[in-house]
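Geometric and topological summary
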Amino acid sequence: MTDSPAPSAAAGAPNPLRDPRDRRLPLIAGPSSMVMFGVTGDLARKKLLPAIYDLTHRGLLPPSFGLVGYGRREWSDDDFAEYVKKSVSEHSRTGFDESVFEQLRGGLRFVTGTFDDKAAFERLTEVVGELDRTRGTGGNHAFYLSIPPDAFPQVCGQLAKSGLNTPQDGSWRRVVIEKPFGHDLASARELNDVVEKAFRPEDVFRIDHYLGKETVQNILALRFANQMFEPIWNSGYVDHVQITMAEDIGIGSRAGYYDGIGTARDVIQNHLLQLLALTAMEEPVTFRASDLRAEKEKVLAAVELPEDLAAHTARGQYVGGWQGGEEVRPYLEEDGIPADSTTETFAAMRLDIATRRWAGVPFYLRAGKRLGRRVTEIAVVFKRAPFLPFHSTDTADLGQNAIVIRVQPDEGVTMRFGSKVPGTQMEVRDVTMDFAYGMNFTEESPEAYERLILDMLLGDPPLFPRQKEVELSWKILDPITEFWAENLDPAPYRPGSWGPDTAHDMLARDGRTWRRP
Ligand code: BG6
């Protein structure tokens, strides 16, 4: 999805869809470095550093790539290299190879400092300059803020004071920020002001790692590269859509983060609403960032909340019990969680979309921790055939047709439809037809972070939401979380179940049931 700048229309611009270059060849990042704040955190250790190593292994980073860790530890460059080595040997996707690591190692640097340490930022400036001189990074530097948002003002302020945010002589400076992008609309705006004081909007890359997942991008391929789905992708044929993000894990060691935020802000505001937008949006003119974002924004702006939030949303919190043969603690007894916490670990809601395409088609979203199993999917469930010329008992077991996009695991697409049961009767029952990535392609899908880090280094923004999308998503969520805070404590649910009874009641009121993924 390269977003190469289009010549102006006035100059008789070529249609970007007719670009004669062969786009199948992977693009390689140009000379550059990345400075990582929060490098000792879980995300960096398990995802970011391995992704950088995997990109190096795949030959997609320049041999001179620089990676600078910034943190409080009193580490030398060699200490940092050992830390990176441990992280990538434990978590890389492509397998550890000493020679690949040696290539990366040459560009590893560490700067000790706190987020407001002026002298440390001066040292950082020197290190970045040294990389330019000795490794030809060409003044192109990305700053990855894998840190809590309340540290953004200090870091962005210091980057601006030291001039690290300012590119020179045709080079670039970019900043990468991780969610949560605020905890409501007002704080998202404040956060954005802080970041955009130091960086131009086009140099801010907001990571929603779901957009880096192959299967999420496949929503676009499925819908817009085929003839057979789009004609039925509307209220004439679709009964409703269910978007599920279920996790079997609890909150692990993230109590501090999670208890302040809850499921709706953690994953619905970003991942699930992005899935909704890609599923429901109109066809973009091209996949260039501005076109794709414009369509997502249009559909997010058309989302409507149910009038009765008590009846059409649900909130849950896991209690103790058994899951997969293991005893698990209740949320309220997890380390670091206050015994009276009312944070939800499960959230569900009905959203409607006020457009001609989707009028009357509810989108049901649900997400939670400690559910039956780890699965993320989008199920487009179709209306029943208007007439069934069968004996009623022959179709007693016939459900509704569905197209299910399995985001993870077992990435692929399933279609469910009715088929004749072998025998003398005309009995019809549901069957499924399955496309699995693993069975059809030999290439393994890259990790989301590989794709996103590479795109950021290439300056290719379509897979990064812009501020407007973030704000539209908060506008959808804020009334729900405000209503919950005032009126709805989370209902209990057992670990390994599919959420609280209230979530099932919510669909039952509409005469529907959740799919059992
Ligand atoms: C993160 C959430 O964005 O996504 C986590 O903060 C969640 O709570 C994680 O566990 C799930 O990501 P994935 O890629 O494993 O589905």
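Residues numbered from 1 in each chain as written. Predicted model: local features only at pLDDT ≥ 70, side-chain atom pairs only at ≥ 80, totals over all residues. Heavy atoms only, no water.

Here's the deal with the UniProt feature "binding site: NADP(+)" (unreviewed entry) in the protein
Using the residue numbers shown here, the UniProt feature "binding site: NADP(+)" (unreviewed entry) corresponds to Arg-72 and Lys-179. By the secondary structure assignment, Arg-72 is in the loop between β2 (66-71) and α2 (77-91). You can call Arg-72 exposed: its relative accessible area is 67%. When near neighbours in sequence (up to four residues on either side) are disregarded, Arg-72 contacts Thr-112, Gly-113 and Thr-114. Here Lys-179 shows up in the loop between β5 (173-178) and α6 (185-198). Setting aside residues no more than four positions away along its own chain, Lys-179 makes contact with Ile-207, Tyr-257, Asp-266, Asn-270 and His-271. Polar contacts involving the side chain of Lys-179 include one to the side chain of Tyr-257, which spans 3.5 Å. (UniProt positions renumbered as here; feature names shortened; annotations may be inferred. Helix = DSSP H or I, 4+ residues; strand = E, 2+ residues; numbered from the N terminus. Buried < 20%, exposed > 50% of the residue type's maximum accessible area, 1.4 Å probe, protein only. Contact = heavy atoms within 4.5 Å. Polar contact = N/O pair within 3.5 Å; in protein donor to acceptor, adjacent residues only side chain to side chain.)

Quick notes on the packing of helix α1 (residues 42-57) against helix α3 (residues 98-105)
In the contact formed by α1 and α3, the axes pass within 10 Å of each other and the chain directions differ by 110 degrees. Compared by their axis directions, α1 and α3 come out roughly perpendicular. Together, Ile-52, Tyr-53, Thr-56 and His-57 of α1 and Val-100, Phe-101, Gln-103 and Leu-104 of α3 make up the contact between the two elements. A breakdown of the residues in the contact of α1 with α3 according to their chemical character gives five nonpolar, three polar and no charged. (Axes fitted to C-alpha atoms, helices over the stretch in contact; angles between N-to-C directions. Parallel < 35°, antiparallel > 145°, perpendicular 65-115°, else oblique. Nonpolar A, V, L, I, M, F, W, Y, C, P; charged D, E, K, R; others polar.)

Let's talk about the UniProt feature "binding site: substrate" (unreviewed entry) in the protein
Cross-referencing UniProt, the feature "binding site: substrate" (unreviewed entry) maps to His-209, Lys-213, Glu-247, Asp-266 and Lys-369 in the present numbering. As for its placement among the helices and strands, Lys-213 is situated in the loop between β6 (204-207) and α7 (214-224). Judged by relative accessible area, Lys-213 falls into the buried class, the value being 14%. Excluding its chain neighbours within four sequence positions, the residues that come into contact with Lys-213 are Val-407, Gln-408 and Ala-448. Looking at the element boundaries, Asp-266 is found in helix α9 (residues 262-280). Sequence-distant contacts of Asp-266, defined by excluding residues within four places in its chain, comprise Lys-179, Arg-254, Tyr-257, Tyr-258, Ile-261 and Lys-369. Of the polar contacts made by the side chain of Asp-266, one reaches the side chain of Tyr-257; its length is 2.5 Å.

Some words on the pattern of salt bridges
The full count for this structure, using the stated rule, is 34 salt bridges. The closest approach of N and O atoms between Arg-466 and Glu-297, which form a salt bridge, is 2.5 Å. Placement of Arg-466 in the loop between α13 (448-458) and α14 (467-487) and of Glu-297 in helix α10 (residues 289-301) is noted, with a sequence separation of 169 residues between them. Residue Arg-466 is classed as partly exposed on the basis of its relative accessible area of 29%. Relative accessible area serves as the criterion here: at 6%, Glu-297 is assigned to the buried category. Across the pair Arg-350 and Asp-352 runs a salt bridge whose closest N-O atoms are separated by 2.8 Å. According to the relative accessible area criterion, Arg-350 is buried, its value standing at 16%. Bridged by salt links that share partners, the residues Arg-58, Arg-93, Glu-444 and Glu-450 form one connected network. (Salt bridge = Lys/Arg side-chain N within 4 Å of Asp/Glu carboxyl O.)

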